[in-house]
Protein chains: 2
Amino acid sequence: MSEEFTVVPVAHVVGGRVEPGDDYWGGSRAIIRVDPEQFTEGAVVGLDAFSHIEVVFRFHLTDPTDLHAEPRRSRDNPDWPAGGTFAHRNMRRVNWLGVSRCRLLKVDGLDLHVAELDAVDGTPVLDIKPWFGVMGPRGEVREPAWPAEMLAAYYAAPRE
Amino acid sequence: MSEEFTVVPVAHVVGGRVEPGDDYWGGSRAIIRVDPEQFTEGAVVGLDAFSHIEVVFRFHLTDPTDLHAEPRRSRDNPDWPAGGTFAHRNMRRVNWLGVSRCRLLKVDGLDLHVAELDAVDGTPVLDIKPWFGVMGPRGEVREPAWPAEMLAAYYAAPRE
């Protein structure tokens with residue numbers, strides 16, 4: 001497949017956690033700073049009417065050789081089924097794209113103040129979209145038990 | 001900002017609608033064909049346990065000069081507020097990234113049969129993730145009235 005595309009950051013995460021980690025994103029705060037060289041404040045007008053945004057970002061700290069397309073168990077837990085790269089949401093994936101929803105607390109100029117964004121300080125952000133309820137998953141949602149088990153402490157407050 | 005990243009399709013949309021359009025994605029069916037040159041069937045193992053997937057794709061048919069970072073009204077409707085590029089989810093955006101949820105009907109080899117994916121035949125797919133309920137928007141969701149008004153017929157059946 002010879003197609004390829006160049007993408008550029010439209011923003012960066014400023015503040016919040018410095019180290020990536022599997023859990024304890026509860027209470028985290030950060031700023032998504034929209035690039036002032038590309039955008040004016042007009043680019044974020046109207047976003048403050050939404051409680052949540054969807055953020056597409058680059059897992060920029062991932063070792064690019066740490067790719068696992070073939071089935072593996074999340075967190076190497078023998079209680080959970082092995083799944084291929086597309087059955088996981090972690091950073092070990094071609095293109096290193098993350099997609100997260102977070103709460104938008106405040107828009108201040110080109111700074112989007114957000115809560116519980118699971119991306120670390122310095123993360124390049126490739127897109128920001130408002131969360132439209134209509135665009136969520138439609139109809140009955142079915143998933144196996146392991147994601148909720150795995151993520152039981154994901155949005156817990158950090159341990160001292 | 002000098003950072004840029006190269007991304008490659010991991011899959012393509014095969015079938016379904018040929019023309020992009022604002023509405024009437026109801027009942028549409030397509031295949032997301034994972035690239036057999038990059039992946040074996042191991043890459044999709046476990047995905048069939050999920051009813052929905054999240055798909056990151058490239059709005060590849062968009063005229064790249066049709067960018068509107070500054071505030072504009074959706075569908076030029078004077079009843080709706082003008083919003084900047086990041087207050088919209090349409091294709092007029094830097095990087096031309098779309099993020100959609102769709103129903104996963106069946107996994108057949110590297111073919112993911114999906115329903116109501118709002119991306120046309122030939123669309124380059126940059127990532128595929130399972131939908132984890134825990135990763136949806138957390139807490140109370142607030143949004144203005146215009147997205148639901150605008151999208152009232154988005155998932156309606158096509159008109160004859």
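Residues numbered from 1 in each chain as written. Chains lettered and ligands numbered in written order. Predicted model: local features only at pLDDT ≥ 70, side-chain atom pairs only at ≥ 80, totals over all residues. Heavy atoms only, no water.

What follows is about the sheet that holds strand β9 (residues 124-130) of chain A. All names here are of chain A. The 6 strands are arranged β2-β3-β8-β7-β4-β9 in a closed barrel whose pairing can be described as antiparallel. Pairwise comparison of adjacent strand axes, ignoring direction, gives a mean angle of 45 degrees for this sheet. Pairing geometry for strand β2 (residues 11-14) and strand β3 (residues 29-34), over 4 bridges, is antiparallel. For V13, the partnering residue across the bridge sits in β3 and is I32. (Pairing = 2+ DSSP bridges. Helix = DSSP H or I, 4+ residues; strand = E, 2+ residues; numbered from the N terminus. Axes fitted to C-alpha atoms, helices over the stretch in contact; angles between N-to-C directions.)

Below, the discussion takes up the nonpolar core. Within the largest apolar cluster, 27 residues are counted, with the highest numbers of intra-cluster contacts made by F86(A), I32(B), V34(B), I53(B), L112(B), V114(B) and I128(B). Listed by contribution, the elements that provide at least two residues to this core are β2 (11-14), β3 (29-34), β4 (52-58), β7 (97-108), β8 (111-115) and β9 (124-130) of chain B. Those residues in contact with V114(B), other than ones at most four positions away along the chain, are S28(B), R29(B), A30(B), I32(B), I53(B), C102(B), R103(B), L104(B) and L105(B). In terms of nonpolar packing, the next biggest core, distinct from the first, is built from 26 residues, V10(A), V34(A), V55(A) and F59(A) among them. (Core = buried A, V, L, I, M, F, W, Y, C linked by side-chain atoms within 4.5 Å. Buried < 20%, exposed > 50% of the residue type's maximum accessible area, 1.4 Å probe, protein only. Contact = heavy atoms within 4.5 Å.)

Moving on, we come to the relation of the copies chain A and chain B. Here chain A sits on chain B after a turn of 180 degrees about the axis and a move of 0.0 Å along it, with an RMSD of 0.0 Å. Such values leave the two copies arranged in the relation of a two-fold axis. Looking at the rotation axis and the C-alpha trace of chain A, the residue lying nearest is T6(A), at 2.2 Å. Mapped onto chain B, 100% of the interface residues of chain A are again interface residues, and the two copies thus contact each other with one and the same surface. (Least-squares fit on C-alpha atoms with pLDDT ≥ 70 in both.)

Let's shift gears to the packing of aromatic side chains. As enumerated under the stated definition, the model contains 15 aromatic pairs over all chains in all. Between W146(A) and F132(B), the ring centres sit 5.5 Å apart and the planes meet at 85 degrees, which makes this aromatic pair edge-to-face. Within this pair, whereas W146(A) is found in helix α1 (residues 146-150), its partner F132(B) is found in the loop between β9 and α1 (146-150), the two belonging to separate chains. Classification of F132(B) by relative accessible area gives buried; the value is 2%. Taking 5.0 Å as the distance between ring centres and 85 degrees as the angle between the ring planes, the aromatic pair formed by Y154(A) and Y155(A) counts as edge-to-face. When its relative accessible area of 9% is taken as the criterion, Y154(A) is described as buried. A network of ring pairs unites the aromatic residues W25(A), Y154(A) and Y155(A) as a single cluster. (Phe/Tyr/Trp six-rings, centres within 6.5 Å; stacked < 30°, edge-to-face > 60°.)

The next subject is the sheet that holds β2(B). On the basis of which strands lie adjacent, the closed barrel formed by 6 strands has the order β2-β3-β8-β7-β4-β9 (chain B) and antiparallel pairing. On average, adjacent strands in this sheet sit at an angle of 45 degrees to one another, irrespective of strand direction.

Residue and element names in this part refer to chain B. Under the definition given, this model contains 1 cavity of 30 Å³ or more. As a volume, the largest cavity reaches approximately 30 Å³. Looking at the largest cavity, the residues that line it are H68, R72, T85, H88, N90 and R92. A per-class count over the lining of the largest cavity returns no nonpolar, 4 polar and 2 charged. (1 Å grid on protein atoms, 1.4 Å probe; cavity = no way out; pocket = protein on both sides within 12 Å on 5 of 7 lines; lining within 4 Å. Points joined across faces, edges and corners; volume = space filled by probe spheres on them. Nonpolar A, V, L, I, M, F, W, Y, C, P; charged D, E, K, R; others polar.)

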